[in-house]
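This is what each chain is made of:
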Amino acid sequence: VERTLSIIKPDAVEKNRTGAILAHLEEAGFKILALRRTHLTRAEAEGFYAVHKARPFFGELVEFMTRSPVVIAVLEREDAVNAYRKVMGATDPAKADAGTLRKLFGSSVGENAVHGSDSLENAKIEISYYFPGSLVSPTA
Ligand code: GTP
Ligand code: MG
């Protein structure tokens, strides 16, 4: 069993889709181990997306992620990281498969409803960024 970090982004929270997305995740077999609604500060968003600092869209990304509250969750399931990436769909909602969270709830590559960790290593880093260390891995 594995854990991953999910963020329901400002666009989806603004549209009151939080519950729909969480229900979708439970239907897909994820356990919601921790859940927190917070309005990210600029420093938190810049730190979280530090790997994208050199990208041309970095400023836009930070503006968007700090626009209004997000809902951050620790999810547990077998093969959680890959399974959640599949449930999210492609970064660009227009290219995402039918039935994925980004197809259902996203509206553009910038406003794509959800974030998910892209590797088990990054999941551990991202979980510890937002939650206490005891949540990082199942055996911790
Ligand atoms: P995350 O789960 O959010 O990390 O998405 P991802 O792994 O599918 O995409 P990636 O890590 O490459 O990019 C991180 C985030 O930056 C994306 O989810 C988008 O919200 C945003 N992003 C990526 N490309 C663009 C772009 O061209 N324009 C804008 N405005 N945002 C972008
Ligand atoms: Mg990513």
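Residues numbered from 1 in each chain as written. Chains lettered and ligands numbered in written order. Predicted model: local features only at pLDDT ≥ 70, side-chain atom pairs only at ≥ 80, totals over all residues.

- As annotated in an unreviewed UniProt entry, the chain carries the name Nucleoside diphosphate kinase and is attributed to Pendulispora brunnea.
- Quoted verbatim from the Sequence similarities (unreviewed entry) heading of the UniProt record, the comment on the chain is "Belongs to the NDK family."
- In its Subunit (unreviewed entry) section, the UniProt entry covering the chain states "Homotetramer." (UniProt positions renumbered as here; feature names shortened; annotations may be inferred.)

## Looking at the UniProt feature "active site" (unreviewed entry) in the chain
Phase 1: In this structure's numbering, the residues bearing the UniProt feature "active site" (unreviewed entry) are His115.
Phase 2: Take His115: it is sitting in strand S4 (residues 114-116).
Phase 3: What makes His115 partly exposed here is the crowd of 19 C-beta atoms within 10 Å.
Phase 4: Not counting chain neighbours up to four residues away, the residues in contact with His115 comprise Ser6, Ile7 and Lys9. (Helix = DSSP H or I, 4+ residues; strand = E, 2+ residues; numbered from the N terminus. Buried ≥ 20, exposed ≤ 12 C-beta atoms within 10 Å, placed from the backbone. Contact = placed C-beta atoms within 7 Å.)

## Brief notes about helix H5 (residues 80-88)
Phase 1: Every buried residue belonging to H5 is among Ala80, Val81, Tyr84, Val87 and Met88, and all of these are buried. Summarising the axial view, the buried residues of H5 lie within an arc of 130 degrees, below the 170-degree limit, and thus occupy one face.
Phase 2: Taken from the residues just after H5, Gly89 is the one with a positive phi, measuring 85 degrees. (Arc of directions from axis to C-beta.)

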